[in-house]
Amino acid sequence: MTQPSLHGWPTDFDVRTDVVFHEQIKPFIENQMKLLEIYDRKRQAVNPDIKYIFHEHAERVACDTRNTCALLGLPENVQENMYWAMLVHDAGKRVLPIEVWDSPEKPTGDTMKFRRSHVDLGLDIVREELGDLKHPFVDLMVDIMVNHHEKMDGTGEHNLPGEQLSMPVRLACIVESYDGYTIPRPHFGERDISPSAVLEKMRSEPGKGAAMFDMALFEAFATMKLKSTPALSKKPMPQMETER
Ligand SMILES: [Fe+2]
Ligand SMILES: [Fe+2]
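Residues numbered from 1 in each chain as written. Chains lettered and ligands numbered in written order. Predicted model: local features only at pLDDT ≥ 70, side-chain atom pairs only at ≥ 80, totals over all residues. Heavy atoms only, no water.

## Comments concerning the overall build of the protein chain
The number of helices and strands found in the protein chain is 10 helices and zero strands. Beginning at the N terminus, the succession of helices and strands in the protein chain can be written as α-α-α-α-α-α-α-α-α-α. In summary, the protein chain has a C-alpha radius of gyration of 18 Å against a globular reference of 18 Å for 244 residues, a match within 12%. Its C-alpha atoms give the protein chain principal-axis dimensions of about 55 × 40 × 35 Å. (Helix = DSSP H or I, 4+ residues; strand = E, 2+ residues; numbered from the N terminus. Rg over C-alpha atoms; globule rule 2.2 N^0.38 Å.)

Right, dumping it as structure tokens:
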């Protein structure tokens, strides 16, 4: 196998051994995940049948991101860095009123726009909780948080052109979209949401494919998704190895 290009990936730190990550950033992420779960419980109290549970989505996409990095042959520290950065990508959702989610109808443009504001609300949470903490993981986390609803053709949430989207963001956009398309929603009707059907939809439907995604990364993701990778899906985070 040829060596993967490491350009653009978070290679220069390792959450497994980083003291600042363990002491300040990991507790922040774990707290955000707890708060998102509490928010999901409130949504479920109103709509017991909802399938799109945000904290579960976050765990799935974090695992899928790590597994795609592994398939690409990226180093283990990159896999772990990406896992933790992806886990917290939707933290801003809980700031929005719960009524904005879970409507049985397909959301209108205005509702979509309001929902999508969670990307910038997430950044507000990071600034409030971590202040101006300077750390390469914070840069990675914020990049994914703010930009995971961009599109390669520049028509995403902030209209950033594809060449300005980092490799982590490009992968996040793919993994995130896939998970959204595979969760049954009332307005999906009879749509086939099997993995192969969703991948084909993402690859070929007008407005998707190369207009939305980095297709080289997409094909790596598709390969990962169609392989059975149970051993990788719940890989625990190794214990910190440095002495304190
Ligand atoms: Fe999101
Ligand atoms: Fe998401």
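## What to know about the coordination of the iron ion (ligand 2)
At this site the iron ion (ligand 2) is bound by His 57 (NE2), His 89 (NE2), Asp 90 (OD) and Glu 176 (OE), with donor distances of 2.0 to 2.2 Å. Seen from the iron ion (ligand 2), its four donor atoms lie at angles of 84 to 160°, and the figure they make is irregular. The iron ion (ligand 1) is placed at 3.5 Å from the iron ion (ligand 2), the two being bridged by Asp 90. Here Asp 90 is found in the loop between helix H3 (76-87) and helix H4 (109-116), whereas its partner Glu 176 is found in helix H7 (residues 167-182), with 86 residues between them in sequence. A single burial state applies to Asp 90 and to Glu 176, both of which are buried. (Donors = N, O, S within 2.8 Å, 3.2 Å for Na, K, Ca; no water. Tetrahedral: all angles 85-135°; square planar, octahedral: opposite > 155°, others 65-115°. Buried < 20%, exposed > 50% of the residue type's maximum accessible area, 1.4 Å probe, protein only.)

## Describing helix H1 (residues 19-46)
Three- or four-residue spacings in an α-helix give side chains the same orientation, since the helix completes a turn every 3.6 residues. Over its 28 residues, H1 runs 41 Å from end to end, which matches the ideal 40 Å to within 8%, given 1.5 Å per residue. A maximum bend of about 40° is found in H1 at Ile 25, where proline Pro 27 lies one to four positions downstream. Considering only its buried residues, H1 is in contact with helix H2 (54-71), H3, helix H5 (118-130) and helix H6 (136-147). Backbone nitrogen of Val 20 and a side-chain oxygen of the N-cap are separated by 3.0 Å at the start of H1; the cap is Asp 18. (Expected span 1.5 Å × (residues − 1). Bend = angle between axes of the 7 residues up to and from the residue. Contact = heavy atoms within 4.5 Å. Polar contact = N/O pair within 3.5 Å; in protein donor to acceptor, adjacent residues only side chain to side chain.)

## Notes on the packing of H1 against H5
The geometry of H1 relative to H5 is characterised by a closest axis approach of 11 Å and an angle of 130° between their N-to-C directions. On the basis of the axis angle, H1 is oblique to H5. The element H1 and its partner H5 pack so that their crossing is right-handed. Of H5, the residues touching H1 (which contributes Gln 24, Phe 28 and Gln 32) are Ile 125, Val 126, Glu 129 and Leu 130. Here the residues of the contact of H1 with H5 are counted per class, giving four nonpolar, two polar and one charged. (Axes fitted to C-alpha atoms, helices over the stretch in contact; angles between N-to-C directions. Parallel < 35°, antiparallel > 145°, perpendicular 65-115°, else oblique. Left-handed = near helix turned anticlockwise from the far one by under 90°. Nonpolar A, V, L, I, M, F, W, Y, C, P; charged D, E, K, R; others polar.)

## Structural notes on the coordination of the iron ion (ligand 1)
For the iron ion (ligand 1), the full set of protein donor atoms is Asp 90 (OD), His 118 (NE2), His 148 (NE2) and His 149 (NE2), at a range of 2.1 to 2.3 Å. Each of the four donor atoms around the iron ion (ligand 1) contributes to a set of angles spanning 85 to 177°, which defines the coordination as irregular. Counting residues between consecutive donors of the iron ion (ligand 1) along the chain gives the motif D-x27-H-x29-H-H. His 148 sits in the buried class, given a relative accessible area of 1%.

## Considering the nonpolar core
One broad trend across soluble globular proteins is that nonpolar side chains are buried collectively. By size, the foremost hydrophobic cluster in this structure holds 53 residues, and its most contacted members are Trp 9, Ile 29, Phe 137 and Met 141. For Phe 137, the contacting residues outside a window of four places in its chain are Phe 13, Val 15, Phe 21, Ile 25, Ile 29, Asn 81, Trp 84 and Ala 85. Grouped together as the second largest cluster of nonpolar side chains are nine residues, Leu 36, Tyr 39, Tyr 52 and Phe 54 included. (Core = buried A, V, L, I, M, F, W, Y, C linked by side-chain atoms within 4.5 Å.)

## Quick look at the environment of Leu 217
Tracing the backbone shows Leu 217 in helix H9 (residues 215-226). Judged by its relative accessible area of 4%, Leu 217 falls in the buried class. C-alpha of Leu 217 to C-alpha of Met 167: the two residues are 50 residues apart in sequence and 8.7 Å apart in space. Not counting residues up to four positions away in its chain, the partners in contact with Leu 217 are Trp 9, Leu 72, Met 167, Arg 170, Leu 171 and Ile 174.

## With respect to a negative patch on the surface
Residues Asp 120, Asp 124, Glu 128 and Glu 129 make up a contiguous surface patch of negative charge. Structurally, Asp 120 can be placed in helix H5. What makes Asp 120 partly exposed here is its relative accessible area of 32%. (Patch = residues over 30% accessible without salt bridge, like charges linked within 9 Å, V, L, I, M, F, W, Y side chains within 5 Å. Areas by Shrake-Rupley, 256 points an atom, 1.4 Å probe, with all protein chains shown as cover. Salt bridge = Lys/Arg side-chain N within 4 Å of Asp/Glu carboxyl O. Lys, Arg positive; Asp, Glu negative; His and termini not counted. Charge placed at Lys NZ, Arg CZ, Asp CG, Glu CD.)

## Examining the packing of aromatic side chains
All chains considered together, the criterion is met by nine aromatic pairs. When the ring of Tyr 178 is compared with that of Phe 221, the centres are 5.1 Å apart and the planes differ by 70°; the resulting orientation is edge-to-face. Of the two residues, Tyr 178 sits in helix H7 while Phe 221 sits in helix H9, which places them 43 residues apart along the sequence. Here the two residues Tyr 178 and Phe 221 agree in accessibility, since each one is buried. Every member of this aromatic cluster is reached through a ring pair, and the members are Phe 13, Phe 21, Tyr 83, Trp 84 and Phe 137. (Phe/Tyr/Trp six-rings, centres within 6.5 Å; stacked < 30°, edge-to-face > 60°.)

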